[in-house]
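Here's the letter readout for the chains.
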Amino acid sequence: MMRLTPVIALMAALSPAYGAETELTFERDVRPIVKAHCTHCHGEEEKPGGGVDLRLRRFMDQVLDSGARVVVPGRPAESELVRIVRSGEMPKKGKPMPEAELAVIEKWIAQGAKTARPEPLTLAPGPLITEEDRAFWAFQPVKRPAVPEDGAGDRLGSPVDAFVRKALREKGLDYAPEADRRTLIRRVTLDLTGLLPEPQEVEAFVADPSPDAYEKLIDRLLDSQAYGERWARHWLDVAGYADSNGFTEADSVRPHAWRYRDYVIRSLNEDKPWDQFIQEQLAGDELAGATHGDYQQAVLDPQRTDQLIATAFLRMAPDGTGEAVDDPKLARNQTIADQLKIVSSSLLGLTVACAQCHDHRYDPISQTDYYRLRAVFDPAYHWEAWRNPAQRLYSLYTPEERARAAEIEKQAQAIEADARALSKKFLDEIFEVEILKLPEPERAPYRQARATAEKDRTPEQKALIKKYPSALATYSLNLYDQKKQDIVDAKMAEATKLRATKPAEGFLMALTEVKGQVPVSKRFNRGDHEQPKEVVTPGELTILTQPGQPELAIAPTPAGSTGRRLAYARWLTSGQHPLTARVLVNRFWLHHFGRGLVSTPGDFGHGGERPSHPELLDWLADEFVRGGWKLKPLHRTLLLSHAYRQSAANPVALREDPENQLYGRFALRRFDAETLRDAILGVTGSLARVAYGPPSGIGRDPQGRVVVGIDKGSITSFKVESGGQADFRRSIYVQARRSQPLTVLDTFDAPSMVPHCEKRNQTTVAPQSLLLMNDTFVLENARRLADRLVAEAPGDPAAQIRRAWDLLYSLPAAESDVARCQAYLAEQEKALAAYHQAQPPAKEAPKGAAKAAAPAPPKPQPDREALASLCQVLLSSNRFLYIE
């Protein structure tokens, strides 16, 4: 679908009959244009450019120094605004004003340059929020609409269908028939768990005669561990989760980020209410009563520990402040800016970051609003008293573990002191022997020089030591007596062994405030931290509050933090906020249906798409809040709808609604990156269901691919060794390095966290086919799948093929498919046998030469190789790669 420019889209939204001979007004039709192109210089600055302020219509009556007027009502050709834009002199920054927008201005002037209402007599510097701004759909309070009666009938599975079917019937369309059970179980299992259903699960569902078989299937999947692992991935995208800091080329590792990943998985599996989930992520430290210097009690309570871990959400942005950077102050402020972008996009669905340097071009968000929002978080970040990533780690030691570790350290240090004393004793003994080799007159001065600290030695003493270096004997005991060195080394080793008995010390990364340390927040001119301007107070974006609404109810916490983030989190989840619930349910819908009701999930503003079903969006938002912010009941509502259960085949809807904006069929979708990798591991039987804990490692192999394993590479070479079972864990448990995405995931559109991912792209490009043909991950798993098929159906190629269909496609193989695959196997086996037979025999070692210890190469197995080749074909097929 062609997307309109934000300005034209706004005008179309405000004036549905735009283009007809309707009377244009400044507020509705012209102000969005000049706001996008002009007022950042002519109105929003302290001193408007050229003295021209275009924020109000009456300001345009100004006569310029040239004698021309900015606007001459009824005479566009005499209006300086039209002349200067048409000539290209303005705007000086950004793209030229489109001809269609200039035409609107000309028509408005020709009609008399009218306003919709009397304008204010005075206007403070900065942006103006108008009635038209507040009337925009996303800034209106959520209102629960009545469920439409039109379309009610036996086919409706939930109230969702009444809204969707109403929109379909308005276009003369209807739903597709319901999908068959095999399609449905594959679809919903992949949707909720990111894994394929097991063949026995498919057969049990198909054979279940109970009317609630589908409902029972949904409940079973929602209760599985795999559910949290799948749906956590969606939130981690939005949060910008990574196991590395990014920002610089070093891309240093975040060794404790995984605790946040586990927190998200656990929260979703427990169906933690999302108001609590959000509050913990924005202000878990304040809920737990923890500050930077006083957190020990919090980590003794599992619930409070979880609340602290949750604040790692506010630590997910790229952060290079622990590395050597050219401008540390800039790096600090960039980290804060990136984090604010993550917060505002994920919870507000607005491009607030566009107001960092100037007022937002399209949405009613001022630069002052941006810094008011930043002030909510300033006490925790405090860029002028910055704490780098290592300084924001918190020990999980209990008092008992800390005391035990301290006692062990004390004992180890005592052993090391004994070792040092023993070493000195041995060296002194050697010195007494070595000094006898010096001339008698130089022995006493040399003894005194040795006893003097090196920094305090006189030039004469330094010269004397340089003359007889071997007599010094103050270090390198092994140069004189290796046996005595071994005795000393044994005591260093004893200390090391003792330290290994310390309780393991875990850490968590969190965001906290320093008690009593509250920075003064200011607006930065043009976003430059070196140009602070007026002081700002913490608060919500003005457009998201109603006139007369009180400021955030901020109160310091008993622990000593400011309470700003807690107050903001409670406002976001109060049920009164116009955006939070809408943004969340839109994302939930997106992941189920492949397209959001608002197809720009990170932009509910003028630059984004309008909702395809606004009433349904509000009904879902209200239903979500009324249901206690619980996600699993909402899943059931969506998954039980006919809109979800319908087939993907609906030729009429495909023709009339090719982008499926009306949901008249189920959208065809390919596996995302993680589902592809996990599904391949699952069908081979090698997937390791090991949940939680530190991530599986990654490294570059000799071919330069990033693979799972233990990195044994160096500066000059790449090498990865097997990590055993850890190599086969689900993709969510694989280390996520910003600079080194896993090759198989990166090729299939895994997101790059810079700083996060609002919505995944899905491409179809040549490297994907090349990976499926050549990558070792695919080749090795094709062999594993062949081994599994042989083990489960030995000696029966037809049965092996049918088993492959069950595993990969969740349906029985047609006899024609079996016949074609058998023909392929026969052809491949014959070709492979001929290939092996044509290979020259291995050369024998010359007589008398020692025989190599290397094992003999495995005996060729053309039949097994042919089956592995077939498995690779099946794994690369669209039938496998697509949900259905």
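Please refer to the structure placed before this passage.
Basis of the calculations
Residues numbered from 1 in each chain as written. Predicted model: local features only at pLDDT ≥ 70, side-chain atom pairs only at ≥ 80, totals over all residues. Heavy atoms only, no water. Helix = DSSP H or I, 4+ residues; strand = E, 2+ residues; numbered from the N terminus. Buried < 20%, exposed > 50% of the residue type's maximum accessible area, 1.4 Å probe, protein only. Contact = heavy atoms within 4.5 Å. Areas by Shrake-Rupley, 256 points an atom, 1.4 Å probe, with all protein chains shown as cover. Phe/Tyr/Trp six-rings, centres within 6.5 Å; stacked < 30°, edge-to-face > 60°. Lys NZ or Arg CZ within 6 Å of the ring centre and 35° of its normal. 1 Å grid on protein atoms, 1.4 Å probe; cavity = no way out; pocket = protein on both sides within 12 Å on 5 of 7 lines; lining within 4 Å. Points joined across faces, edges and corners; volume = space filled by probe spheres on them. Core = buried A, V, L, I, M, F, W, Y, C linked by side-chain atoms within 4.5 Å. Lys, Arg positive; Asp, Glu negative; His and termini not counted. Salt bridge = Lys/Arg side-chain N within 4 Å of Asp/Glu carboxyl O. Polar contact = N/O pair within 3.5 Å; in protein donor to acceptor, adjacent residues only side chain to side chain. Axes fitted to C-alpha atoms, helices over the stretch in contact; angles between N-to-C directions. Parallel < 35°, antiparallel > 145°, perpendicular 65-115°, else oblique. Left-handed = near helix turned anticlockwise from the far one by under 90°. Nonpolar A, V, L, I, M, F, W, Y, C, P; charged D, E, K, R; others polar. Expected span 1.5 Å × (residues − 1).

Enquirer: With reference to specific residues and values, describe the overall build of the chain.
Expert: Helices and strands together make up the secondary structure of the chain, namely 33 helices and eight strands. Across its three principal directions, the C-alpha atoms of the chain cover 115 × 85 × 55 Å. Here the chain holds 884 residues, and the buried ones make up 52% of them. Of the contacts made within the chain by residues no fewer than 6 positions apart, 71% connect residues no fewer than 24 positions apart. When the accessible surface of the chain is split by element, carbon and sulfur atoms take 55% of a total near 40600 Å².

Enquirer: Residue-level account of the environment of Trp571, with values.
Expert: Here Trp571 is to be found in helix H20 (residues 564-572). Distance in space between the C-alpha atoms of Trp571 and Gln279 is 9.7 Å, their sequence separation being 292 residues. When residues no more than four places from it in sequence are discounted, the contact partners of Trp571 are Glu540, Leu544, Gln549, Leu552, Gln576 and His577.

Enquirer: Could you give an account of the packing of aromatic side chains, naming the residues involved and the relevant values?
Expert: Considering all chains together, one arrives at 28 aromatic pairs under this definition. A centroid spacing of 5.5 Å and a plane angle of 65 degrees characterise the contact between Phe624 and Trp629, whose relative ring orientation is edge-to-face. Exposure remark for Phe624: the relative accessible area of 1% places this residue in the buried category. Trp629 gets classed as buried once you look at its relative accessible area, which sits at 5%. Grouped by ring-pair contacts, the aromatic residues Trp235, Tyr260, Tyr263, Trp274, Phe277, Phe313, Phe588, Phe624 and Trp629 constitute a single cluster. Sitting over the ring of Tyr644, Arg187 keeps its end group 5.8 Å from the ring centre. The ring of Tyr809 has Arg879 sitting right over it, with the charged end atom 5.4 Å from the ring centre.

Enquirer: If you had to explain unusual backbone geometry to someone new, which residues and values would you point to?
Expert: Residues apart from glycine generally show negative phi values, whereas peptide bonds are mostly found in trans. Following Met90, the chain continues to Pro91 via a peptide bond in cis, the omega torsion being -5 degrees. Within the element layout of this structure, Pro91 appears in the loop between helix H3 (80-86) and helix H4 (99-110). Cis geometry is found at the peptide bond from Val754 to Pro755, where omega equals -5 degrees. Along the chain, Pro755 turns up in the loop between helix H27 (743-747) and helix H28 (766-774). Unlike most non-glycine residues, Asp271 shows phi in positive territory, near 55 degrees. Take Asp271: its relative accessible area is 11%, and that puts it in the buried class. Positive phi, close to 65 degrees, is recorded for Tyr692, a residue that is not glycine. Residue position: Tyr692 is located in the loop between helix H26 (673-684) and strand S5 (698-700).

Enquirer: Any chance you could break down the layout of surface pockets for me, citing the residues and the numbers?
Expert: Approximately 960 Å³ is the volume attributed to the largest pocket. Every residue lining the largest pocket is counted, 41 residues in all, and those nearest its centre are Leu590, Gly594, Arg595, Arg669 and Gln762. For the lining of the largest pocket, the secondary structure elements donating two or more residues are helix H7 (181-193), helix H10 (225-239), helix H21 (580-593), helix H25 (651-656) and H26. The leading source of residues in the lining of the largest pocket is H10, at five residues.

Enquirer: A description of the nonpolar core should follow, citing residues and the corresponding values.
Expert: Soluble globular proteins: nonpolar side chains tend toward being buried together. Within the largest apolar cluster, 121 residues are counted, with the highest numbers of intra-cluster contacts made by Trp235, Tyr260, Trp274, Leu282, Phe377, Trp589 and Leu620. Looking at this core element by element, the count peaks at eight residues for helix H15 (residues 367-381). Apart from residues no more than four positions distant in its own chain, Tyr260 is found in contact with Trp235, Leu236, Ala239, Tyr241, Gln281, Ile309, Ala310, Ala312, Phe313 and Met316. Grouped together as the second largest cluster of nonpolar side chains are 52 residues, Leu195, Leu196, Ala673 and Ala868 included.

Enquirer: Break down the side chain of Arg254 for me, citing the residues and quoting the values.
Expert: For Arg254, the location among the structural elements is in the loop between H10 and helix H11 (258-269). Buried Arg254, no salt bridge; nearest opposite-charge side chain is Asp319, N-O distance 5.3 Å. There is a polar contact of 3.2 Å between the side chain of Arg254 and the backbone oxygen of Met316. Engagement of the side chain of Arg254 in a polar contact is seen with the backbone oxygen of Ala317, the distance being 2.5 Å. Residues within four places of Arg254 in sequence aside, it is in contact with Ala242, Asp243, Ser244, Asn245, Arg315, Met316, Ala317, Pro318, Asp319, Met509 and Arg738.

Enquirer: Outline the pattern of salt bridges, supporting the account with residue identities and numerical values.
Expert: As enumerated under the stated definition, the model contains 66 salt bridges in all. Asp262 is the salt-bridge partner of Arg261, the closest N and O atoms lying 2.5 Å from each other. A relative accessible area of 1% means that Arg261 is categorised as buried. Given the relative accessible area of 3%, Asp262 is considered buried.

Enquirer: Break down the packing of H7 against helix H9 (residues 213-222) for me, citing the residues and quoting the values.
Expert: The N-to-C vectors of H7 and H9 enclose an angle of 25 degrees; their axes lie 10 Å apart at closest approach. For the element pair H7 / H9, the angle class is roughly parallel. Seen along the crossing, H7 lies across H9 with a hand that is right-handed. Contacts from Arg181, Leu184, Ile185, Val188, Thr189, Leu192 and Thr193 of H7 reach H9 at Ala213, Tyr214, Leu217, Ile218, Leu221 and Leu222.

Enquirer: Tell me about empty space enclosed by the protein, and name the residues and values.
Expert: Taken as a whole, this structure holds seven cavities of 30 Å³ or more when the rule is applied. Each pocket or cavity is described by its volume, and for the largest cavity that value is around 90 Å³. Taken together, the elements giving at least two residues each to the lining of the largest cavity come down to H10 and H21. When grouped by side-chain class, the residues that make up the lining of the largest cavity number eight nonpolar, two polar and one charged.

Enquirer: Can you tell me about the packing of helix H29 (residues 776-792) against helix H30 (residues 797-809), naming the residues and giving the values?
Expert: Interhelical geometry of H29 versus H30 gives an angle of 120 degrees and a closest axis separation of 9 Å. As far as their axial angle goes, H30 and H29 are oblique. Where H29 crosses over H30, the handedness of that crossing is right-handed. Residues Leu785, Arg788, Leu789, Val790 and Glu792 of H29 lie in contact with H30, whose contacting residues are Gln800, Arg803, Ala804, Leu807 and Leu808. Each residue belonging to the contact of H29 with H30 can be placed in one class, and the counts come to six nonpolar, one polar and three charged.

Enquirer: Which residues make up H9, and what values do they have?
Expert: Of all the positions in H9, only Ala213, Tyr214, Leu217, Ile218, Leu221 and Leu222 are classed as buried. The inward-facing, buried residues of H9 abut H7, helix H8 (199-207), H10, helix H23 (631-639) and helix H24 (642-645).

Enquirer: Give me the environment of Thr321: which residues, what numbers.
Expert: In this fold, Thr321 is placed in the loop between helix H13 (302-310) and helix H14 (328-347). Residues Thr321 and Tyr397 lie 76 residues apart in sequence; the distance between their C-alpha atoms is 26 Å. Ignoring any residue separated from it by four or fewer positions in sequence, one finds Thr321 in contact with Ala331, Arg332, Thr335, Trp386, Asn388 and Pro389. Polar contacts involving the side chain of Thr321 include one to the side chain of Asp319, which spans 2.6 Å. Within the structure, the side chain of Thr321 is placed 2.9 Å from the side chain of Trp386, a separation counted as a polar contact.

Enquirer: Quick rundown of H26? Include the residues and the values.
Expert: Structural remark: α-helix, 3.6 residues per turn; residues separated by three or four positions point the same way. Spanning twelve residues, H26 covers 17 Å between terminal C-alpha atoms, matching the ideal 16 Å at 1.5 Å per step. The element H26 is largely enclosed, with a buried count of eleven among its twelve residues. Along H26, the residues that are buried comprise Ala673, Glu674, Thr675, Leu676, Arg677, Asp678, Ala679, Ile680, Leu681, Val683 and Thr684. Downstream of H26 by one or two residues, Gly685 has phi in the positive range, about 80 degrees.

Enquirer: Tell me about the side chain of Ser344, residues and numbers included.
Expert: Its place among the elements puts Ser344 in helix H14. Side-chain polar atoms of Ser344 contact the backbone oxygen of Leu340, separated by 2.8 Å. Within the structure, Ser344 has its side chain in polar contact with the backbone oxygen of Lys341 (distance 3.3 Å). In contact with Ser344, other than residues within four places in its own chain, are Gly349, Leu350 and Val352.

Enquirer: Explain the environment of Gln800 residue by residue, including any values.
Expert: Position of Gln800 relative to the elements: it lies in helix H30. Separated by 18 residues in sequence, Gln800 and Val818 have C-alpha atoms that sit 9.5 Å apart. Each residue touching Gln800, except ones within four places of it in the same chain, is listed here: Leu789, Val790, Ala793, Pro794, Gly795 and Leu867.

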